[in-house]
Amino acid sequence: MKIIRVNKAHATQDGGGVNINRISGFDGKSLDPYLMIDELKSDDPNDFIAGFPPHPHRGIETFTYIRKGGFEHKDQMGNVKAIRSGDVQWMSTGRGVVHSEMPLSDTEGMHGFQIWLNMPAKEKMRAPKYQDTTEQPAPKITIGEAGYFKALAGTWHVEGQQLASPLQGLAGNGALADVELEQGTQLQLDLTQFAKVMIYIHSGRFENYGEQTLLELDPEHQMSLIATDKVGFVILAGQPINEKIAHMGPFVMNTQEELHQAVRDYQQGRFGDIV
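If you're wondering where the values come from, they're calculated on a predicted model, not measured in any experiment.

(A) Main features of the environment of Glu61. Along the chain, the position of Glu61 falls in strand E6 (residues 60-68). Here Glu61 falls in the buried class, since its relative accessible area comes to 0%. Spatially, the C-alpha atom of Glu61 lies 6.8 Å from that of Met119, the residues being 58 residues apart in sequence. In terms of polar contacts, Glu61 uses its side chain to reach the backbone amide nitrogen of Ala171, at 2.8 Å.

Okay, structure coming up:
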């Protein structure tokens, strides 16, 4: 396994004042087809209780994975869902979505991710889509005695078998997985179908790298990974879109004029409202 680039998350706030660790890639190059990786990990309700009140998006896909705790999702399409530990949610916002994510009342601690993917220019103004795994859980296989590989989105070739998530068709052929390995465990993974492969360490250590670290890997060969310590990480893979990005808050388009139009459309109520 060859590491190409290392990036460290930085602490920030979003939503109603939620404390998160973030890696941004709005240059359209460093994370492409991904745009942003937000990790929320805290047992202190003050860090997340304010949640993410109603807000709009256009031109991106939001991918949410909850490892601990839970949020209630609402959007203008009429979706109202409790997303709990182990659940995955994907929203392809297209021309416009208004949604909220608020902590469930029985949540004492929280660990989860919201990850943004860029949408190709030709798809940014299509109708929005929503899907989650609350009724069809993401498939998981055991690695070693106590580890696992969980296919959150896309199709993976791992340990000599194919593992397909119910969430398919993400922008940039996006594929995500959650992995936990015990010390000394080996993982065999074929990544040759992807041009971009990254792992975000969310628990433990891998080689000399600790939590909240993103490693970009060389995907040209089969990956044989041996855990030097107990480690947990999310794999993010896909095909770069290689398009110019214009970014303003919750909107990601290709030109400044498209951004201004997104703001006008939202202000004029063309995104709809959460009922």
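(B) Local environment of unusual backbone geometry. Residue Pro33 follows Asp32 across a cis peptide bond; omega there is 15°. With respect to the element layout, Pro33 can be found in the loop between strand E3 (18-24) and strand E4 (34-42). For Glu159, which is not glycine, the phi dihedral falls at a positive 50°. Inspection of the secondary structure puts Glu159 in the loop between strand E15 (155-158) and strand E16 (161-164). For Glu159, a relative accessible area of 35% corresponds to the partly exposed category. Of note in the backbone geometry, Asn173 takes a positive phi value of approximately 50° without being a glycine. Relative to the assigned elements, Asn173 resides in the loop between E16 and strand E17 (175-181).

(C) Quick look at the pattern of salt bridges. Within this structure, the stated rule accounts for 17 salt bridges. Arg5 is the salt-bridge partner of Glu216, the closest N and O atoms lying 2.2 Å from each other. Placement of the pair is Glu216 in strand E20 (residues 213-217) and Arg5 in strand E1 (residues 3-8), with a sequence separation of 211 residues. When the shortest N-O distance is used, the salt bridge between Lys81 and Asp132 registers 2.9 Å.

(D) The arrangement of the packing of aromatic side chains in detail. Applying the stated criterion across every chain, the model contains 7 aromatic pairs. Taking the centre distance of 5.6 Å and the plane angle of 70° together, the rings of Phe149 and Trp156 count as edge-to-face. Here Phe149 and Trp156 have matching classes, each one buried. Residues Trp156 and Phe194 carry aromatic rings whose centres are separated by 5.5 Å and whose planes lie at 50° to one another, so their mutual orientation is tilted. In this pair, Trp156 sits in strand E15 while Phe194 sits in the loop between strand E18 (186-190) and strand E19 (196-204), placing the two residues 38 residues apart along the sequence. Grouping residues by exposure puts Trp156 and Phe194 together as buried. A connected cluster of aromatic rings, assembled from ring pairs, spans Phe149, Trp156 and Phe194. Its guanidinium or amino end placed over the ring of Tyr148, Lys140 lies 4.7 Å from that ring's centre, counting from NZ or CZ.

So, how was this worked out
- Residues numbered from 1 in each chain as written.
- Predicted model: local features only at pLDDT ≥ 70, side-chain atom pairs only at ≥ 80, totals over all residues.
- Heavy atoms only, no water.
- Helix = DSSP H or I, 4+ residues; strand = E, 2+ residues; numbered from the N terminus.
- Buried < 20%, exposed > 50% of the residue type's maximum accessible area, 1.4 Å probe, protein only.
- Polar contact = N/O pair within 3.5 Å; in protein donor to acceptor, adjacent residues only side chain to side chain.
- Salt bridge = Lys/Arg side-chain N within 4 Å of Asp/Glu carboxyl O.
- Phe/Tyr/Trp six-rings, centres within 6.5 Å; stacked < 30°, edge-to-face > 60°.
- Lys NZ or Arg CZ within 6 Å of the ring centre and 35° of its normal.

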